[in-house]
Amino acid sequence: MKIAVIGQSLFGQEVYKELRKDGHNIVGVFTIPDKDGKADPLATEAEKDGVPVFKFPRWRVKGQAIPEVVAQYKATGAELNVLPFCSQFIPMEVIDHPKHGSIIYHPSLLPRHRGASAINWTLIHGDKKGGFTVFWADDGLDTGPILLQRECNVEPNDTVNTIYKRFLFPEGVKGTVDAVRLIAEGKAPRITQPQEGATYECIQKKDNSKIDWNQSAEAIHNWIRGNDKVPGAWAEVDGQKVTFYGSTLVDNGTAANGQPLEIPGASKPGIVTKAGLVLFGNDGKTLMVKNLQFEDGKMIAAAQYFKAGSSAAVELNEEEKTFAEQMRAVWQSILTNVSQIDDSTDFFKSGAASMDVVRLVEEVKLRASSCQLQNEDVYMNTTFQDFIQMCVRKLRGEDDEEELVVDYVEKNVNNMTIKMPHQLFINGEFVDAEGGKTYKTINPTDGTAICDVSLAQISDVNKAVAAAKEAFEEGEWGKMNPRDRGRLIYKLADLMEQHQEELATIESIDSGAVYTLALKTHVGMSIQTFRYFAGWCDKIQGSTIPINQARPNRNLTFTKKEPIGVCAIVIPWNYPLMMLAWKTAACLAAGNTVVLKPAQVTPLTALKFAELAARAGLPKGVVNILPGSGALVGQRLSDHPDVRKLGFTGSTEIGKHIMKSCAVSNVKKVSLELGGKSPLIIFSDCDMDKAVRMGMSSVFFNKGENCIAAGRLFVEDSIHDQFVKKVVEEIKKMKIGDPLDRSTDHGPQNHKAHLDKLVEYCQTGVKEGATLICGGKQVQRPGFFFEPTVFTDVQDHMHIAIEESFGPVMIISKFKSGEVDDVLRRANATEYGLASGVFTRDISKALYVSERLNAGTVFVNTYNKTDVASPFGGFKQSGFGKDLGQEALNEYLKTKAVTIEY
């Protein structure tokens, strides 16, 4: 059948796609014009298929059809018009033209709830049944004969969003397509709509969505959920318009404990509890709302109403007033340059410094020992009024945050008890994966299971992304002062430092990292990274730019650096916590929210990090951690339309796949830190002992599971044999064993599959004719241990000369004395370009070589010396983008240019 699809939106797009699958000929798509340069999804889909698309801004003027528009429509030769969702007025000349007429989808059970806000009114009226109708269009407003109807139950706490996603959208698409099938088969009925039960309600807008408190709790609940989230039910509270979201009916047998909130017109004050704002109907029954939004757009959890800096203030009793006056005197003694302390006096704008904060905290303790302040409390409440309000709430015990519930797995190991979260972390809570799915994470030291870990599913990814999006767009994080954001990140680093031994122990048993290295590098550098980026939060700035088009008027052009939004981070298993820190710290400092997928084999430090982030006070939804498979979780993050940036560290093969998915989905910003085959050139004029020591570190550091490991050593022929001899002597001194043993030099490989690949890699080297000096096989003991290995006589064409081992395998090739350019050619003859190194006492030679090595990092007379302030990233197929340093911030920021004429 020849069909014209008239409408818009994702719903229209899905109907269009299903009609094409059914074999119908879509002769034209008529939709709305592009908005802000972006086409409607229906138009995008049709244009992709080569279907004619028409984007008329209107079909009629002054009630009369536009002849040119009607003519273009008629030229398509449509036999049926399908209107899945249409916001335009379509003239009857178009409606009646096709052979089979026109059908329209409407999201209610007609004749009930005619009009544009049908879903809203289904909920507002408290209907127990909802559904949709596909009807034959006529010249009335949703009055045409019924072709098909389908119904569903309306759940007590459904919102417009939930009922639409659960039933009206998916079943509505199917129902519309089924209606077309009936028409094609000649079986479509035309059932006249009955007059009985017919209703028409107005369009819901902000100005008519004010809450009437003089009704039952259920009616108030229905009004709030019927307007959630658009246009939003509101009421006057403390002199300002406050919008209510997330309403649920409450069991009236449960007493509400909290702080009263006067609401004009309500039968009794609301109660702000830890769970939300409890409201009362005129029947004495209750409901609860989860979120509130103020006129300035700021949205908060309702439970935080009295902590959100709103105009609502705690009324002080006489004892509290006395305390306030005592503190006024303290402020006066500190701020000696201020003549009088009033409620608006700002502690820091009046000249207070960090030592004054310490003094103020101690002064409070002297006068009210039960009011235990932290320095951060002063920084977050800088005016005298806010400071007193905060102190009084603490004295009343009303400032307690919602308790973080953690189902720990506890183990006594490394002379301590470690407490490990093992569930997904979504929206500030540890939760099970959908369906309770789990997997076992393995200790590589002995191959035994550590614990069961929740295995994220696609629905869990969607929940985490939604939480991150809400936290960014509507939560306090997106609106937080950058300096306050920096303090929270710094507090997180402090907590990590307090738990550093526990984090290092978890890292050791989960990844096989030697404990001393885990403490210094895996955890130590992670702490340094968060502290470093905490300092950047209030230093992210744009610039002013002189422009040529400045005459005859005056112009000002400036740039702003803005956060991107929801960022996905996918990290590998070699440095589980450090890779998290390198990306997440910059991401958070820039003001974004994050959904992070740790490597499936090493999830535990990431989950411990989530706990510490929550305890540091990062708002819900800012950090979300999803252990799971790359094929499922990583792929969904790459595809998700609400993720705007993805940072990935891992293999080049997977990096290419991610880059493609990010491009196809929504052109996400991407940064990739991928594979490497880093060359290390050792000249005969080097400090031999240092070259041996650092050369071994360049290969065997972290058991060779190191992205910048020297994948190939080029040693000048005159010192080659001496160098190899010394390396072998040092390897013999290395202790292979339990990573928790402080004397261990070399721990197990991360997991069994990687161990097997190393064995195969070395077998390939032997087959190709390279000389195996030592190692090359698995250590005969429980766990995943592999011997430190040395190959010499490695030729440029060999597999082991080209591909990285990502393990403790030293690949040595000779080069002739004096042939600097030739060894540079060989060193650069790789598709990778992550790192490189050179050892020589000749500074001119060192500079010459470092200029010509094609890699993101060049080490001279050292190796593995990364620092939080120095940018890190590769060239060629080692990826693009930077971790660490100021440049890392740019990976998580977007630049906006603003030009003003004045």
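What you see is a predicted model, and the numbers here were worked out from it, not measured in a lab.

Undergrad: How should the pattern of salt bridges be read in this particular structure?
TA: Pairing between side chains becomes possible if they bear opposite charge and their charged atoms approach one another. Overall, the coordinates contain 45 salt bridges when judged by the stated rule. Its salt-bridge partner being glutamate 151, residue lysine 129 comes within 3.9 Å of it at the nearest N-O pair. With a gap of 22 residues between them, lysine 129 in strand 8 (residues 129–136) and glutamate 151 in strand 9 (residues 146–153) connect regions that are remote in the sequence. Here aspartate 756 makes a salt bridge to lysine 752, at a shortest N to O gap of 2.9 Å. In this pair, aspartate 756 and lysine 752 both sit in helix 24 (residues 752–767), four residues apart, roughly one turn of the helix. Classification of aspartate 756 as partly exposed rests on a relative accessible area of 36%. Through salt bridges with shared partners, one network takes in Asp22, Arg150, Asp178 and Arg181.

Undergrad: Could you clarify how one ought to interpret the packing of aromatic side chains in this entry?
TA: Any aromatic ring pair is given by two values, namely how distant the centres are and how the planes are angled relative to each other. What the rule picks out here adds up to 28 aromatic pairs. Relative to phenylalanine 56, the ring of phenylalanine 54 has its centre 5.9 Å away and its plane inclined at 35 degrees; by these criteria the two rings are tilted. Of the two residues, phenylalanine 54 and phenylalanine 56, neither departs from the other in class, the shared state being buried. Between phenylalanine 56 and tryptophan 59, the ring centres sit 5.3 Å apart and the planes meet at 90 degrees, which makes this aromatic pair edge-to-face. Grouping aromatic residues by their ring pairs yields a cluster made of Phe11, Tyr105, Phe132, Tyr164, Phe167 and Phe169. Against the face of tryptophan 136 rests arginine 190, its NZ or CZ located 3.7 Å from the ring centre. In this structure, lysine 845 packs its charged tip against the face of phenylalanine 683, placed 4.4 Å from the ring centre.

Undergrad: Looking at this model, I keep getting lost on unusual backbone geometry. Mind explaining?
TA: Most peptide bonds take the trans form, and the phi angle of most residues other than glycine is negative. Following leucine 110, the chain continues into proline 111 via a peptide bond in cis, with omega recorded as 15 degrees. Note on placement: proline 111 falls in the loop between strand 7 (102–106) and helix 5 (118–124). Here the phi dihedral of asparagine 414 falls at roughly 60 degrees; this positive angle occurs in a residue that is not glycine. Looking at where asparagine 414 falls in the secondary structure, it is placed in the loop between strand 17 (409–413) and strand 18 (416–420).

Undergrad: Is there a simple way to explain the UniProt feature "site: Essential for catalytic activity" (unreviewed entry) in the chain in this structure?
TA: Listed under "site: Essential for catalytic activity" (unreviewed entry) in the UniProt record, and renumbered for this structure, are Asp142. In this fold, aspartate 142 is placed in the loop between strand 8 and strand 9. Residue class for aspartate 142 comes out buried when judged on its relative accessible area of 12%.

Undergrad: Explanation requested: helix 6 (residues 160–168) in the structure shown.
TA: Quick reminder: α-helices carry 3.6 residues per turn. Residues three or four places apart thus point the same way. Taken residue by residue, helix 6 has Val160, Ile163, Phe167 and Leu168 as its buried positions. Down the axis of helix 6, the buried set is contained in an arc of 80 degrees. They therefore lie on one face.

Undergrad: Explain the UniProt feature "active site" (unreviewed entry) in the chain to me, please; I cannot follow it from the model alone.
TA: UniProt records the feature "active site" (unreviewed entry) at His106, Glu673 and Cys707, using the numbering of this structure. The largest pairwise C-alpha distance within this set of annotated residues, which runs over 602 residues, is 56.4 Å, so the set is dispersed in three dimensions. Topologically, histidine 106 is positioned in strand 7. For histidine 106, the residues in contact, after removing those within four places along its chain, are His113, Arg114, Gly115, Ala118, Phe132, Thr133, Phe135 and Asp142. By the secondary structure assignment, cysteine 707 is in the loop between helix 22 (688–700) and strand 31 (710–716). The class for cysteine 707 is buried, based on a relative accessible area of 9%. Dropping the residues within four chain positions of it, cysteine 707 is found in contact with Asn574, Glu673, Gly676, Phe806, Leu834 and Phe872.

Undergrad: Honestly, the sheet that holds strand 36 (residues 835–839) in this entry has me stumped. Any pointers?
TA: Note on sheets: strands pair through backbone hydrogen bonds, and any given pair is parallel or antiparallel. Strand order in the open sheet made by the seven strands is 32-33-34-31-30-36-37, with mixed pairing throughout. At either margin of the open sheet sits one strand with a lone partner, and together these are strand 32 (771–774) and strand 37 (857–860). Neighbour-to-neighbour, the strand axes of this sheet turn through a mean angle of 20 degrees, independent of strand direction. The strands touched by helix 23 (residues 720–733) are strand 30 (678–682), strand 31, strand 32, strand 33 (789–792) and strand 34 (809–815); relative to strand 34, the strand with the most contacts, the crossing angle is about 165 degrees.

Undergrad: Which parts of the structure should I look at to understand the pairing of strand 17?
TA: Each regular strand displays side chains that alternate between the two surfaces of the sheet. For strand 17 and strand 18, the ladder comprises five bridges, and the chain directions are antiparallel. Within strand 18, the residue paired with asparagine 412 across the bridge is threonine 417. The turn linking strand 17 back onto strand 18 is made up of two residues, and asparagine 414 within it adopts a positive phi angle of 60 degrees.

Undergrad: Which parts of the structure should I look at to understand the nonpolar core?
TA: The nonpolar side chains of a soluble globular protein tend to be buried with one another. Within the largest apolar cluster, 106 residues are counted, with the highest numbers of intra-cluster contacts made by Phe530, Ile682, Leu713, Phe723 and Met810. No other element matches helix 18 (residues 576–589), which puts eleven residues into this core. Counting the residues that make up this core, at least three belong to each of domain 4 (408–673) and domain 5 (679–866). Residues Ile3, Val15, Ile26 and Ala179 belong to the second largest nonpolar core, which totals 33 residues.

Reading the values: rules and limits
Counting restarts for each chain: residues are numbered from 1 in the order of the written sequence. Selection of residues for local features in this predicted model requires a pLDDT of at least 70, selection of side-chain atom pairs for listing and counting requires 80 or more, and totals for whole chains, interfaces and linings are taken over all residues. For the side-chain quantities, the full set of heavy atoms in the structure was used; hydrogens and water were omitted. The term salt bridge refers to a side-chain nitrogen of Lys or Arg lying within 4 Å of a carboxyl oxygen of Asp or Glu. By definition, any uninterrupted DSSP run of H or I lasting at least four residues is a helix, any uninterrupted run of E lasting at least two residues is a strand, and each is numbered from the N terminus. Accessibility here uses a 1.4 Å probe with only protein chains present; expressed as a share of the type maximum, an area under 20% marks a residue as buried, one over 50% as exposed, and anything in between as partly exposed. By convention, a stacked pair of Phe, Tyr or Trp rings (six-membered ring in the case of Trp) has centres within 6.5 Å and planes under 30 degrees apart, an edge-to-face pair has planes over 60 apart, and any other such pair is tilted. Placement of a charge over a ring requires the Lys NZ or Arg CZ to be within 6 Å of the ring centre, with the centre-to-atom vector within 35 degrees of the ring normal. UniProt positions are given in the numbering used here, feature names are shortened, and annotations may be inferred rather than shown by experiment. As used here, the arc belongs to the directions running from the helix axis to the C-beta atoms. By definition, residues are in contact when any of their heavy atoms lie within 4.5 Å. When DSSP locates at least two bridges between a pair of strands, those strands are taken to pair. What counts as an axis is a line fitted to C-alpha atoms, over the stretch in contact for a helix, and the angles between N-to-C directions run from 0 to 180 degrees. The term nonpolar core refers to a set of buried residues drawn from Ala, Val, Leu, Ile, Met, Phe, Trp, Tyr and Cys, joined through side-chain atoms within 4.5 Å. Residue ranges for the domains originate in an automatic or database domain assignment.

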